[in-house]
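So the chains spell out like this:
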Amino acid sequence: MFVVHLIASFFSKLQEDPTKKVDRFLYAMRLHDDQLSDISARFQAEMKRGLSVGSNVTAAVKMLPTHVRSTPDGSEKGQFLALDLGGSRFKVLQVKVREGMGNKRGGVEIVQKTYPIPKELHVGKATELFDHVSESLKDFLHEKNISLEKKHPLAFTFSFPCEQSTLNQGFLMNWSKNFRARGLQGKDVVQALRDAIDRTGGMDVEVLAMVNDTVATMMTCGFDDQYCEVGLIIGTGTNACYMEELRHVDLVEGDEGRMCMNTEWGGFGDDGALNDYITEFDRDVDAASNNPGKQILEKMVSGMYLGELVRLAVLKMAKLRLLFNGHVSDALRTRGTITTEHVAAMEEYKNGLKNTRNLLMDLDLSPTSDDCVAVQHISTIVSFRSSNLVAAGLAAILTRIKQNRNLRRLRITVGVDGSVYKTHPQYPKRLHKVVQRLLPECHVRFVLSDSGSSKGAALVSAVAQRLASQRRKVDETLSPFRLSQEQLQLVKTRMRAGLEAGLKSKGPSAIKMLPSFVYHTPDGTECGKHLVLDLGGTNFRALLVNCNQGLQQNSQLYHKIYTIPLEIMQGSGEELFDHIVQCVSDFLDYIGMKNTRLPASFIFSFPCEQTAIDTGTLVSWTKGFKATDCEGHDVVSMLREAIKRRNEFDLDIAAVVNGTVATMMSCAYENPQCEIGLIAGTGTNVCYMEELKNIEKTEQKTEKNERGEGTPEGEKDEQDDGREIERQEGHAEIPKMCINTEWGGLGDDGSLDDIITPCDIEVDQNSLNPGKQRFEKLMSGMYLGEVVRQVLLDLTRGGLLFRGHVTEALKTPGMFQTKYLSQIESDRQALLQVRSILQQLGLDSTCDDSIIVKEVCGVVSRRAAQLCGAGMAAVVDKIRENRGLDHLNITVGVDGKLYKLHPHFSGILKETARVLAPQCNVTFLPSEEGSGKGAALITAAARQKLEM
């Protein structure tokens, strides 16, 4: 009796405050922020499971790919039919989208009609359901005087869980919302619609896209707000979608860009993840549903169940004599007598209590004022829990987006639809407030869908058409850069012809084939300290190199790098060489050897005609140099004269060396099979060891020729010094000389015109040497960025990039440096970082823009590597045939930032050379110390010859 008295006393006190007794009775439904954060973290974990191919099958949150890869950008256009099937009624619409009218400028016209779906079709045969849909579509076309003969693109909003393999194919996973039509589960919904349209006849309809209503809502709002990348439905059912980075979606091939993921979050909790938050009322609702154990979150938050949750709570409190003096009416016991519409009415600001009283009286109850307050409070707690749970799910999605994009703050818009959100007076404000509390670092805007999901479905089709059209136009622009095997074979053939022509003493040749007067690769006897002066681009290097290192790699004792200002590069020759000598003077002070007459080699990586190892007449400037009074002059003499003018030090300049030759020599010191040098950097060039009998140019005598140097006879003397002659596969080595091909000139005679694009022509015409170095301008670091910029300009002017907006930055020559190609094409580089790079360049890009820019970079750099490989194939095949070999093993010494830093260049180069020269096994050996050591070795060898 004492216990009964305590209970009676407890309940008596509660009756004094109707809201407190409800709070205590429904305490499990009142969720605080720590609990919501916990739920959000659990949902994030479920999202991750759903995205993974290994755990998707068992994941409660399915994370279904929709194959919607872009939100609207305002350029969509067209006229579409749309079907919207997701509840007891469905709609047929005609949607007209006008180009350029998106992003807060209107531009969508909709004509629609709603058709009922008889209840018997909900649970009948699927064919009968779809026949009804198809016949309603035909009726709509007749009524709206829409031509039956014309082909109509159609978008289908189908608001049930489907697995989609393409945008216009989806297999029904399971029905929901009281639909149980037989014969469709596991089958293609789009094909079922097509079959029904065929059975109806008289219509020419192409189903372009099938989308979930959540996705369609996001697209509808995205047409007016470019930041809308999340869709949310809170109505009869509930769901959310968002744009996920493709690199995280295991279920779809490819990792570039984004795809809208239909979370199907109503299933959250089906695996028990919400068990400690589920109340007895939730369990009762679930047990009485058509799908017990399924769609747990949906049953806690959606309009189909909120009224029933309120009814069960009121009924339980009445049975416990906490309401209505314990009176329970038959109507209160009857399922469905309290609906979500009642819940919304009870929470109206002014009329809420009045509406509550009217409802209770309609349920044959006689409520007191406290009863009305209590029942209204029950309604508030149930609906507030719904908005809290939705906020927790949204917080998980927004947190994931923020983390994906590595942002400190996220600005994003959520497109919303659904009867609960639209009609409940307090729901939106509560939802917004809780989201803001959970994610204070995010600026989240909620936009209500103004025309439901049907407009969005049409926009999905419009976006798909835009992307398809864009894809065709981008492919057309990039097609000339994609070289076939036949084209690469032609490049190889033309390179081979150019090599042969350049070796002859008479006749024109775009490839200069300059003798270097370097007859041997290193033999290990070279010694001494040597000064190396290296002019090969915008920087000048001075190095002190020690050749007494055996096979040790670190032969550089000291080095410094000096910038060549643009005004010096393009000023007078005297100014250029005075600047070089000033740098040398500073370097000699730095190493404390200004009073020592050092042997020196001059790496001069520009085309030079050499008549001896220590003379070189500049043929033409390349790589942006334009210094006057240099072409046609001996650069060694110009350097010596500049040293005399300064009168601070003296040097023994023993050799002028091309950087490519020096690279070959440096690598040959490590690998005796290295007989080719390749530069793939700011500029490009190749040298190789050619048989002297093939070099007609060396027949012209010079003073040093007459001393026995630089002729076959001189070479023969060298062979008689007692060293063993190396042999390869039984063939004795014959006299050779390293030839500096200057292959960058291939095409100067028009031989590459059939592969040169309009963008290449633009780059050439804007260069300092129009019509020259055409091959180099297709494949070297000085020009690749500019080629990319020209392509981006073309695509933007065509409306395919950056919303057609040509910025001043994009019009600025040189703004897109080749280093950006390497960064953008990095396998580790997500599109987020690509967008960041573009933004640094003043290019405000979308995700779609970033994909295209990355593709442009890839196509341009791939062509460059393939052309380099085709040229290399010509060189190695020539060496193989020179030596009469069936198979050649040879090593190429390589230097240059393009080869070393670009993530794919070297691999494509090697593969192309392998395919085009199958009888040659070519090994590429990167130069560890650049060309400095090679130049020193050449100088050491030259001095040894003079001393002999």
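Throughout what follows, the structure given in this document is the object of discussion. As the structure is a computational prediction, the values presented were derived from the model and not from experiment. (Residues numbered from 1 in each chain as written. Predicted model: local features only at pLDDT ≥ 70, side-chain atom pairs only at ≥ 80, totals over all residues. Heavy atoms only, no water.)

On to the packing of helix α30 (residues 847-882) against helix α32 (residues 905-916), then. Direction vectors running N to C along α30 and α32 enclose 40°, while the axes themselves pass 7 Å from each other. As the angle between them shows, α30 and α32 are arranged oblique. Crossing angle aside, the handedness with which α30 passes α32 is right-handed. From α30, S861, R862, A864, A865, Q866, C868, G869, A870, A873 and D877 reach across to α32, where they touch F905, I908, L909, T912, A913 and L916. For the contact of α30 with α32, a count of residues per class yields 10 nonpolar, four polar and two charged. (Axes fitted to C-alpha atoms, helices over the stretch in contact; angles between N-to-C directions. Helix = DSSP H or I, 4+ residues; strand = E, 2+ residues; numbered from the N terminus. Parallel < 35°, antiparallel > 145°, perpendicular 65-115°, else oblique. Left-handed = near helix turned anticlockwise from the far one by under 90°. Contact = heavy atoms within 4.5 Å. Nonpolar A, V, L, I, M, F, W, Y, C, P; charged D, E, K, R; others polar.)

According to the stated counting rule, one finds 25 aromatic pairs in the structure shown. With 6.1 Å between their ring centres and 40° between their planes, F587 and Y590 make a pair best called tilted. In this pair, F587 and Y590 both sit in helix α20 (residues 573-591), three residues apart, roughly one turn of the helix. Note on Y590: relative accessible area 46%, which makes it partly exposed. The rings of F130, F156, F158, F160, W175 and F179 are connected pair by pair, giving a single aromatic cluster. Positioned above the aromatic ring of Y590 is the side chain of K560, whose terminal nitrogen or guanidinium carbon lies 5.0 Å from the ring centre. (Phe/Tyr/Trp six-rings, centres within 6.5 Å; stacked < 30°, edge-to-face > 60°. Buried < 20%, exposed > 50% of the residue type's maximum accessible area, 1.4 Å probe, protein only. Lys NZ or Arg CZ within 6 Å of the ring centre and 35° of its normal.)

For the rest of this paragraph, the subject is empty space enclosed by the protein. The tally for this structure, following the rule as stated, stands at two cavities of 30 Å³ or more. Lining of the largest cavity is provided by L514, P515, S516, F604, F606, C608, Q610, V656, V657, N658 and N740. Looking at the lining of the largest cavity, the elements that each hand over two or more residues are β14 (514-515), β19 (608-612) and β21 (651-657). Taken together, the residues that form the lining of the largest cavity break down as seven nonpolar, four polar and no charged. Taken together, L64, P65, T66, F158, F160, C162, Q164, M210, V211, N212, V215 and N262 make up the full set of residues lining the second largest cavity. Listing elements by their share of the lining of the second largest cavity, those giving two or more residues are β1 (64-65), β6 (162-166) and β8 (205-211). Its residues assigned to classes, the lining of the second largest cavity shows eight nonpolar, four polar and no charged. (1 Å grid on protein atoms, 1.4 Å probe; cavity = no way out; pocket = protein on both sides within 12 Å on 5 of 7 lines; lining within 4 Å. Points joined across faces, edges and corners; volume = space filled by probe spheres on them.)

Between helix α8 (residues 280-287) and helix α10 (residues 303-319), the shortest axis-to-axis distance is 10 Å and the interhelical angle comes to 120°. By the angle between their directions, the pair α8 and α10 is classed as oblique. Seen from above, α8 lies across α10 with right-handed handedness. Contact with α8, carried on its side by E280, F281, D282, D284 and V285, involves Y305, E308, L309, L312, A313 and K316 of α10 and no other residues of that element. Partitioned by chemical class, the residues of the contact of α8 with α10 number six nonpolar, no polar and five charged.

Moving on, we come to the sheet that holds β1. The strand order β1-β11-β10-β9-β12-β13 describes an open sheet built from six strands, whose pairing is mixed. In this open sheet, the two edge strands, each paired with only one partner strand, are β1 and β13 (442-448). Note: β1 against strand β11 (residues 258-262), two bridges, orientation antiparallel. What sits directly across from L64, in β11, is N262. Lying on the sheet, helix α7 (residues 213-222) is in contact with β9 (228-234), β10 (238-245), β11, β12 (410-417) and β13; it crosses β9 at an angle near 130°. In this fold helix α16 (residues 427-438) packs onto β9 and β13, with an angle of close to 160° to the strand it touches most, β13. (Pairing = 2+ DSSP bridges.)

This paragraph deals with the pairing of β19. As a general feature of sheets, a regular strand has side chains that alternate between the two faces. Of the strand pairs in this sheet, β19 and strand β20 (residues 615-618) are connected by three bridges, and their pairing is antiparallel. In the sheet register, A612 faces β20, and the bridge partner there is T615. The loop that links β19 with its antiparallel partner β20 comprises two residues.

Further remarks concern the pattern of salt bridges. Within the structure shown, the criterion is met by 53 salt bridges. Between K144 and E143 there is a salt bridge, with the nearest N and O atoms lying 3.4 Å from each other. Relative accessible area serves as the criterion here: at 29%, K144 is assigned to the partly exposed category. Residue E143 is classed as partly exposed on the basis of its relative accessible area, which comes to 40%. Between E245 and R258 there is a salt bridge, with its nearest N and O atoms 2.8 Å apart. Of the two residues, E245 sits in strand β10 while R258 sits in strand β11, which places them 13 residues apart along the sequence. Of the two residues, E245 and R258, both sit in the buried class. One network of salt bridges, with partners in common, ties together K492, R496, E500, E690, D877, K878, R880 and E881. (Salt bridge = Lys/Arg side-chain N within 4 Å of Asp/Glu carboxyl O.)

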